[in-house]
Amino acid sequence: MSILRPLEIIIAHGPELAAAGLDPHEFALAVGGFPKTRILLLDPALPEEEQQDRLRRFLGKGHRRPVVIASTDPESRAAATLRILRRTFQCNPERLSVVDLQPALEQRDKKSRRLKGLELIRLAAAHVTRAFPIHPEEVPVSTRVLVWGDSFAALKAAQELAASGYPVTLAGPKPELHPLDPEVPHLPVSAGLAALVGEVLSTDNIRVLTEVSLLAVEGAAGNFTVRLELAREVLEETAGAVILAPELEIDSHHQAFGLPAHPRLISLTEVERLLEKGEPTSFAPEEGGTVALLAGFSPESSPPGLRRVLAAAAQLLKQANLQVYLFLGQARVAAPGLEAALEAAQENGLIVFKLPDMPEIAPADGGTGLTVSFVEPVLRRPVKLSVEAAGLEEIYCAAAANAALAKVLEIPLNPRGFLQGDNVHLTPVATWRRGIYSAGPGRGVMGLDQALMDVEAAVAEVQKLLGQGAAHVPQGRAVVDRGLCVLCLTCYRVCPHRAITYDNRARIEEIACQGCGTCASECPQEAIQIRNYTDDQVTALFESFDPQLSPRIVAFLCRNSAWEAYQAALKLKHADIPPGLTAIKMPCAGKIDVDYLLRAVVYGSKAVMVLACHPDNCKSRHGNEFARWRVEQVQTYLAEVGLDPQRVLFKSLAANAPQDFLDAVAEMEARLGAMSGAPPKAAVR
Amino acid sequence: MNSPKHPVVILGGGIAGISAALELAKLGHEAALIEKSPFFGGHAAHFCCKATDKCQKCGACLVDQRLRELFQAPDIALYPHTELTHAERGNGHFRLAFKSKPDIIDPTRCIDCGICYDECPSIDKGAVLVAASATQHPRYFIDPEGCLLSHECLLQGCQRMCPAKAIDLTREDSAFELEASAVIVATGYQPADPASRPHYGYGRLLQVITGRELEEKLRLGEDLTRPDGQPARRLGFIQCVGSRDRLHPYCSRVCCAYGLRLAKLIRHHHPEVEAVTFYMDIQSIGADPAGFQAEACQAVHLVRAMPGGLQASPEGSLIARYLDESTDQPVSREFDLVVLAVGISPGKDNPDLAEMLDLTLTPEGFFQSLDGEHRTGTTQPGVFLAGTAEGPRSIAECISQAAAAAREVHEYIKALV
Ligand SMILES: Cc1cc2nc3c(=O)[nH]c(=O)nc-3n(C[C@H](O)[C@H](O)[C@H](O)COP(=O)(O)OP(=O)(O)OC[C@H]3O[C@@H](n4cnc5c(N)ncnc54)[C@H](O)[C@@H]3O)c2cc1C
Ligand code: SF4
Ligand code: SF4
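Everything numeric here is computed off the predicted structure, so don't read it as measured data.

Rules used in this analysis
- Residues numbered from 1 in each chain as written.
- Chains lettered and ligands numbered in written order.
- Predicted model: local features only at pLDDT ≥ 70, side-chain atom pairs only at ≥ 80, totals over all residues.
- Heavy atoms only, no water.
- Core = buried A, V, L, I, M, F, W, Y, C linked by side-chain atoms within 4.5 Å.
- Buried < 20%, exposed > 50% of the residue type's maximum accessible area, 1.4 Å probe, protein only.
- Helix = DSSP H or I, 4+ residues; strand = E, 2+ residues; numbered from the N terminus.
- Contact = heavy atoms within 4.5 Å.
- Near = heavy atom within 4 Å.
- Nonpolar A, V, L, I, M, F, W, Y, C, P; charged D, E, K, R; others polar.
- Domains from an automatic or database assignment.
- Pairing = 2+ DSSP bridges.
- Axes fitted to C-alpha atoms, helices over the stretch in contact; angles between N-to-C directions.
- Buried area = accessible area lost by both parts, 1.4 Å probe.
- Salt bridge = Lys/Arg side-chain N within 4 Å of Asp/Glu carboxyl O.
- Polar contact = N/O pair within 3.5 Å; in protein donor to acceptor, adjacent residues only side chain to side chain.
- Right-handed = clockwise from strand over helix to strand, strands pointing away.

**Some remarks on the nonpolar core**
When a protein is soluble and globular, its nonpolar side chains tend to lie buried together. If you look at the biggest cluster of nonpolar residues, it comprises 108 residues, and the most contacted ones within it are Leu170(A), Ile243(A) and Phe556(A). Sort the elements by how many residues they give to this core and helix α15 (residues 448–466) of chain A lands first, with ten residues. Contacts of Leu170(A), omitting those with residues within four sequence positions, involve Val147(A), Gly149(A), Ala154(A), Leu155(A), Ala158(A), Leu177(A), Val200(A), Ile206(A), Arg207(A), Val208(A) and Leu209(A). Formed by 82 residues, the second largest nonpolar core is a distinct cluster that contains Ile15(B), Ala45(B), Val241(B) and Val273(B).

Spelled out as structure tokens, the structure:
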């Protein structure tokens with residue numbers, strides 16, 4: 001038992017443990033066999049004062065030994081006990097290991113329940129006695145926030161930040177602030193937006209910089225060094241956080257449909273301009289004439305675009321007394337009130353033809369107008385309609401400058417060019433770089449209502465990060481051994497959170513580091529260790545395995561997906577998890593080293609499973625991909641030394657898919673069966 | 001009973017309420033989360049993962065992750081099977097009265113073995129309920145309303161058989177009060193009633209299921225079969241059930257996405273299965289709508305028509321009749337299962353809650369927000385909205401609205417003191 005060092009073990013139980021088939025007293029006696037440990041049996045249902053008393057007597061004063069607390073469903077059953085340990089006794093989370101005994105209770109017979117329970121505690125003990133306490137420290141940060149762009153979201157964010165006491169630099173490439181409401185006619189600029197511009201310009205705490213380009217954002221959240229190129233100088237300042245909200249761009253996508261260039265085939269903005277000038281007749285000269293509007297034919301057509309088309313249609317019908325046809329591809333009505341607005345427009349005289357594709361539009365023979373040819377959808381016959389003019393819906397797209405901006409910021413764009421990666425864990429406003437948020441038109445096409453929610457969410461993120469000028473930062477989750485580092489910058493390239501900078505050696509920016517461990521596993525010098533997932537600690541786990549439990553299967557589980565699925569699977573009635581399966585919770589699949597997989601085999605594992613998030617669902621962007629490559633690598637190593645590569649299995653699954661976990665286990669067992677030549681076990685389900 | 005003070009009371013423990021509570025906790029507030037049903041997570045806790053060879057960004061897994069966070073958050077007081085009975089406000093504070101169903105199963109004793117569920121003769125009346133998410137403890141709940149004890153269940157099997165002696169069928173409802181500075185209404189929605197389209201025969205034709213039921217089946221890893229046990233090889237999806245019609249004059253905004261994702265998922269795992277989706281319009285989906293649509297067209301046969309009706313065939317399948325787009329001819333097509341992509345209808349309790357809290361409802365029946373720009377505020381100072389209580393939206397949108405509501409509450413409370 002060389003793996004064990006002094007520690008305290010608390011078994012928190014009421015009558016349930018015995019009911020589930022694990023006699024707590026017998027179990028405690030067995031645990032008592034571990035050297036250098038003390039054991040307390042505690043009923044978590046006791047009044048809190050009583051528990052506190054007992055814990056005080058057990059832990060003594062100035063105790064600094066690590067604690068393992070074991071229970072079934074500890075986070076709910078032993079919630080009060082845990083609260084006391086964490087709050088009253090200030091146990092450091094890294095030195096307090098919470099063990100759910102569920103995997104032991106799953107076992108069929110009394111002996112395996114006890115053995116499994118003991119193994120669970122031994123694993124926890126091996127880990128927690130080697131753990132470093134990680135303490136959050138207050139570090140000073142800048143409260144200045146750089147808000148990029150001149151959209152409604154940018155201006156609102158600036159305003160809200162300033163009101164909450166954060167000085168703001170509002171900067172963007174344009175010569176003046178010109179926010180847009182994608183859901184209303186762009187002309188005239190709405191009174192509300194104009195007033196907002198005025199308010200922002202006259203707020204003391206907001207410095208507005210126009211015609212700026214962003215040269216660099218260096219360093220990490222809390223203290224970014226931002227370099228801005230102004231007309232005559234380069235300005236360098238420190239900002240604690242950045243909110244990105246560059247305005248959308250408008251495209252009338254004529255070319256996309258091969259439409260002819262024709263003076264009477266105009267964009268919606270031009271239609272609105274004519275209406276605004278009170279000159280709808282220059283659009284369609286004949287009183288009572290007909291005009292066509294075209295919408296919903298692009299995959300990029302969006303609800304705001306349709307709302308504007310309906311507004312224009314209503315004005316054309318009313319002001320100019322025209323006959324208005326709307327040729328509609330897909331009715332993009334997924335916004336509040338839009339379906340009703342489309343219905344209402346039809347009741348007010350708008351004639352709608354729903355078509356699968358853009359109709360053919362050609363200059364009318366011998367006239368000034370246009371001909372629209374299409375197959376009439378109800379009677380299915382070809383129709384040629386003469387119209388005086390046609391207005392084409394506009395689509396909204398990401399600012400073209402986003403690509404350059406993303407490069408400077410070192411964050412990926414989403415497939416449509418917005419400044420937020422396409423991963424659900426970034427919901428709502430995060431980017432892959434901590435301290436940089438993307439709101440409103442920075443991350444997608446949306447109305448002002450959604451943009452305002454984004455603003456609130458982004459400002460809340462800033463408040464949580466920067467507080468009143470001090471951030472709570474856990475210290476030393478990842479550490480670089482400066483003696484080993486050769487500055488190859490592998491870590492810099494693989495870190496998904498851009499948490500690595502360098503002086504003459506690689507440096508971890510604690511405030512940005514999420515402890516995923518991708519860097520540590522990729523570093524060719526092994527110069528980086530993740531505290532509490534060091535190689536020694538993981539080896540200690542392997543040494544704690546109980547050879548009596550078989551078949552020995554080691555499952556490395558990403559804590560964000562596979563671990564959740566495993567926990568849920570344990571509760572499923574038909575779960576049939578082999579006694580020798582030991583689950584190891586990893587901070588991210590990115591931390592599952594080649595070395596761990598090989599060592600698991602060396603320590604006697606028949607099989608090794610690596611279960612990670614689905615592609616595109618990794619909280620650390622691509623930890624799962626690294627894990628998959630490493631499994632492939634290990635498989636070739638095994639084959640080289642004559643071992644069956646099928647012993648190592650990689651699978652992706654989601655937190656809400658316990659069945660996928662069980663299927664993976666069943667597959668592993670089937671492979672083991674095939675390897676040993678035993679007849680396959682009947683399918684479990 | 002004395003009334004503990006919780007600065008913020010959140011009504012509804014779906015993804016919106018959970019996200020708001022977590023966010024408030026991070027901003028330094030104590031919150032009480034009131035959930036009417038026995039379990040947290042709301043509808044989305046029943047959904048499956050829709051990943052094919054990669055994540056489809058449906059957001060369902062976020063719910064399970066946030067549930068665990070919720071159960072571990074020390075500053076959030078959880079009140080399951082509890083509902084608001086009365087609300088009053090005076091000098092800036094709310095006094096809220098609640099009624100709770102009893103914990104017939106003692107959580108400190110229960111070992112989640114499920115024997116009560118197996119033994120109960122009244123399961124079909126919902127006497128014993130099971131949580132969708134296993135993070136929940138106890139995973140089982142005995143609902144006095146469904147329990148036959150009131151009708152003399154002589155067996156009391158659950159109480160006798162429970163190995164942990166966790167069950168006490170005599171426990172009764174309780175009532176309590178809370179004081180709050182602010183209230184967030186996050187009571188969610190109900191899936192649209194498939195009977196609003198009677199010609200699809202939901203309830204009568206057993207081959208017709210709702211999207212919600214399909215989500216749950218897939219989450220549990222069940223095989224897709226027809227009611228007669230034959231494997232389901234031909235699947236039809238009918239979009240917009242309970243949306244964009246006279247009774248529901250709005251787009252539910254999530255059904256195109258989940259309907260197509262489910263169809264893609266099934267095709268991914270069972271390439272031999274045929275999937276046909278009947279639709280009126282496809283809304284733009286995800287961060288890459290063009291890419292999504294292209295992939296969907298590959299996997300699923302999209303038909304822009306709504307079947308006029310469904311009929312059972314003697315062979316145990318269903319026959320859908322519709323007008324073919326290109327030929328304009330009526331065609332029939334056989335399906336083993338038809339999935340109705342039900343939309344988002346206003347919550348059942350909205351009228352009562354609106355009355356108690358002095359709020360107004362929209363003509364459709366959702367909570368009316370302050371205006372079209374401020375979707376988290378209401379005309380009542382101190383009362384905020386989050387999630388589908390305010391109108392149809394996706395999980396991701398619920399999360400951002402909840403984050404926004406939490407910050408508004410934060411600012412509101414700051415201004416109070
Ligand atoms: C079939 C279907 C599939 C879907 N699939 C997806 C998808 O894949 N991706 C996606 O993003 N969205 C999807 N959606 C939408 C998704 O369900 C919602 O966005 C989300 O669940 C809404 O969360 P919520 O918290 O607002 O409401 P709910 O989930 O309804 O939660 C509200 C909670 O409040 C409780 N409650 C109700 N009344 C009271 C009361 N009076 N007092 C206290 N508590 C109360 C309820 O019990 C419930 O737990 C789908 C919707 C449907 C119908
Ligand atoms: S642990 Fe992850 S987040 Fe931290 S520095 Fe390494 S790669 Fe980056
Ligand atoms: S498809 Fe949905 S549930 Fe599955 S991983 Fe992606 S977001 Fe999560």
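**Thoughts on the site of ligand 3**
Neighbouring ligand 3 are 15 residues, the closest being Cys49(B), Cys55(B), Cys58(B), Gly59(B) and Cys61(B). Neighbouring residues of ligand 3 are distributed over chains A and B. Partitioned by chemical class, the residues of the shell around ligand 3 number eight nonpolar, five polar and two charged.

**Focus on the domain arrangement of chain A**
Often, the extent of an interface is quoted as the loss of accessible area upon association of its parts. What the domain assignment reports for chain A is domain 1 (1–135), domain 2 (145–248 + 398–471), domain 3 (251–396), domain 4 (475–528) and domain 5 (532–685). Spacing between the C-alpha centres of domain 1 of chain A and domain 3 of chain A amounts to 70 Å.

**Here's the deal with the sheet that holds strand β17 (residues 330–335) of chain B**
Residue and element names in this part refer to chain B. Taking strand neighbours across the sheet as the criterion, the three strands line up as β15-β16-β17 in an open arrangement whose pairing is antiparallel. Bordering the open sheet on either side are β15 (309–312) and β17, each of which pairs with just one other strand. Geometrically, the sheet is characterised by an average inter-axis angle of 30° between neighbouring strands, direction not taken into account. Relative to strand β16 (residues 318–323), β15 is paired through four bridges, and the arrangement is antiparallel. Across the sheet, residue Ala-312 finds its bridge partner in β16, namely Leu-318.

**A look at the site of ligand 2**
Every one of the 14 residues lining ligand 2 counts as a neighbour, but Cys495(A), Cys513(A), Cys516(A), Gly517(A) and Cys519(A) are closest to it. Its residues assigned to classes, the shell around ligand 2 shows nine nonpolar, five polar and no charged.

**Focus: the domain arrangement of chain B**
Residue and element names in this part refer to chain B. Under the domain assignment used here, chain B contains domain 1 (5–101 + 173–188 + 347–416) and domain 2 (192–343). Summarising the inter-unit geometry, the C-alpha centres of domain 1 and domain 2 are found 31 Å apart. In this complex, domain 1 contributes 21 residues to the contact, which on the side of domain 2 involves 19 residues. Sorting the residues of domain 1 by area buried against domain 2 places His-46, Lys-50 and Pro-392 first, and these three jointly supply 30% of that buried surface. Counting every contact that joins domain 1 to domain 2 gives four salt bridges. Taken together, the connections running from domain 1 to domain 2 amount to 13 residue pairs in polar contact (both at pLDDT 80 or more). For the side of domain 1 that touches domain 2, the per-class residue count stands at eight nonpolar, five polar and eight charged.

**Section: the interface of chain B and chain A**
Listed as interface residues are 83 residues of chain B and, on the opposing side, 70 residues of chain A. Roughly 6200 Å² of surface becomes buried between chain B and chain A when both sides are summed, with 51% attributable to carbon and sulfur atoms. On inspection of chain B and its partner chain A, the count reaches twelve salt bridges. Here Arg407(B) and Glu160(A) are joined by a salt bridge, their closest N and O atoms 2.5 Å apart.

**Some remarks on the pairing of strand β15 (residues 290–295) of chain A**
Residues and elements named next belong to chain A. By the criterion of burial, β15 is predominantly enclosed, with six of the six residues buried. In this structure, β15 lies alongside strand β16 (residues 323–328), joined through six bridges in parallel fashion. Across the sheet, residue Thr-290 finds its bridge partner in β16, namely Gln-323. After leaving β15, the chain enters helix α12 (residues 303–319) and then returns to the sheet as β16, a path that is right-handed. In this structure, β15 lies alongside strand β21 (residues 389–392), joined through four bridges in parallel fashion. Residue pairing for β21: Leu-293 is matched across the bridge by Gly-391.

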